[in-house]
Amino acid sequence: RLESQRLSIEDYRKLLLNMRQQVIEGSRWISRTASSFDRDHSDIRSSVIHHAHEEHRDYLMIEKDYVACGGLLEDIQSATKNIGSEALHGYLMYRASLPNPVDLIGAMWIIEGLGNKMSLKWAKLVNEQFTDHQNITRFLKYHGQNDEHHMRELYELIDSVAKSEHHIDDIIKTARVVGRLYCLQLNEVDNNE
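Residues numbered from 1 in each chain as written. Predicted model: local features only at pLDDT ≥ 70, side-chain atom pairs only at ≥ 80, totals over all residues. Heavy atoms only, no water.

Run through the overall build of the chain, naming residues and quoting values.
When its secondary structure is counted, the chain shows eight helices and zero strands. Going from N to C terminus, the chain has its helices and strands arranged as α-α-α-α-α-α-α-α. In terms of overall dimensions, the chain is globule-like: its C-alpha atoms have a radius of gyration of 17 Å, near the 16 Å expected for 193 residues. Summarising its shape, the C-alpha atoms of the chain cover approximately 55 × 30 × 25 Å along the three principal directions. Looking at the 193 residues of the chain, the share that counts as buried comes to 46%. Restricting to contacts in the chain with at least 6 residues of sequence separation, those with at least 24 account for 81%. For the chain, the exposed area adds up to about 10,200 Å²; of that, 51% sits on carbon and sulfur atoms. Side-chain charges of the chain comprise 23 positive and 30 negative groups, with the mean position of each set lying 1 Å from the other. (Helix = DSSP H or I, 4+ residues; strand = E, 2+ residues; numbered from the N terminus. Rg over C-alpha atoms; globule rule 2.2 N^0.38 Å. Buried < 20%, exposed > 50% of the residue type's maximum accessible area, 1.4 Å probe, protein only. Contact = heavy atoms within 4.5 Å. Areas by Shrake-Rupley, 256 points an atom, 1.4 Å probe, with all protein chains shown as cover. Lys, Arg positive; Asp, Glu negative; His and termini not counted. Charge placed at Lys NZ, Arg CZ, Asp CG, Glu CD.)

Describe the layout of surface pockets, with residues and values.
Put simply, the largest pocket is a space of about 740 Å³. Looking at the largest pocket, it is lined by 35 residues, and the ones nearest its centre are L15, M19, W122, Y182 and L186. Elements with a minimum of two residues in the lining of the largest pocket: α1 (9–35), α2 (42–55), α6 (104–129), α7 (138–161) and α8 (165–187). When residues of the lining of the largest pocket are assigned to their parent elements, the largest contribution, ten residues, is made by α1. (1 Å grid on protein atoms, 1.4 Å probe; cavity = no way out; pocket = protein on both sides within 12 Å on 5 of 7 lines; lining within 4 Å. Points joined across faces, edges and corners; volume = space filled by probe spheres on them.)

Quick rundown of the packing of helix α5 (residues 83–96) against α8? Include the residues and the values.
Direction vectors running N to C along α5 and α8 enclose 155°, while the axes themselves pass 7 Å from each other. When the axis of α5 is compared with that of α8, the two are roughly antiparallel. You can see that α5 and α8 cross each other, and the crossing is left-handed. Facing α5, whose interface residues are G84, S85, A87, L88, Y91 and L92, α8 presents T174, V177, V178, L181, Y182, L184 and Q185. In the contact of α5 with α8, the residues fall into nine nonpolar, four polar and no charged. (Axes fitted to C-alpha atoms, helices over the stretch in contact; angles between N-to-C directions. Parallel < 35°, antiparallel > 145°, perpendicular 65-115°, else oblique. Left-handed = near helix turned anticlockwise from the far one by under 90°. Nonpolar A, V, L, I, M, F, W, Y, C, P; charged D, E, K, R; others polar.)

Hey, could you go over the pattern of salt bridges for me, with residue numbers and the actual values?
In a structure, side chains of opposite charge can pair up when their charged atoms sit close to one another. Under the definition given, this model contains eleven salt bridges. Salt-bridge contacts for D11 lead to R1; the nearest nitrogen and oxygen are separated by 3.1 Å. Here the residue D11 occupies a position in helix α1, and R1 occupies one in the segment before α1, the gap between them amounting to ten residues. Since its relative accessible area comes to 40%, R1 is described here as partly exposed. Here the salt bridges share partners, and the residues they tie into one network are R1, D11, K14 and D190. (Salt bridge = Lys/Arg side-chain N within 4 Å of Asp/Glu carboxyl O.)

Any functional reading would require information beyond the geometric quantities listed.
Set out below in structure tokens:
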């Protein structure tokens with residue numbers, strides 16, 4: 001809808017409402033991932049902690065965007081996760097609770113990669129379509145500008161674990177699962193009412 005200029009402001013509010021739940025849970029599973037690494041993986045743990053710290057308050061930008069485009073703060077704060085977000089969060093928390101969950105680099109790569117590749121484009125399209133609303137794309141712009149840095153960090157992490165083909169296979173499998181669950185989460189945006 002966005003790319004064909006058929007997105008309504010109500011559609012955009014629904015997207016923001018549903019994204020907030022995933023973003024809040026994102027810092028939780030990333031923090032859990034960090035806590036599951038032992039001291040033999042301290043470099044990875046430090047990198048993951050840094051990533052969680054950088055993103056743990058991003059949901060506040062989504063709340064501001066939601067209110068700026070006519071939504072009520074209490075509505076977005078009281079919303080529940082949609083079915084896809086439940087599935088994504090459940091899978092990620094399960095994987096994050098396992099010892100040394102190197103495979104979750106794949107999850108971060110998918111989610112940060114989406115932000116890096118699409119967020120600025122989406123922000124531009126939203127701003128073009130809703131010129132009468134100001135400051136409704138803070139979250140998208142921020143991620144479009146900052147996820148490139150996060151991607152470089154993830155490539156460094158992948159390089160550091162690439163010595164083991166087992167790790168690479170696990171990272172790829174987790175990335176594929178997360179990609180599918182992320183799509184399910186977006187498919188459920190219209191059903192979460």
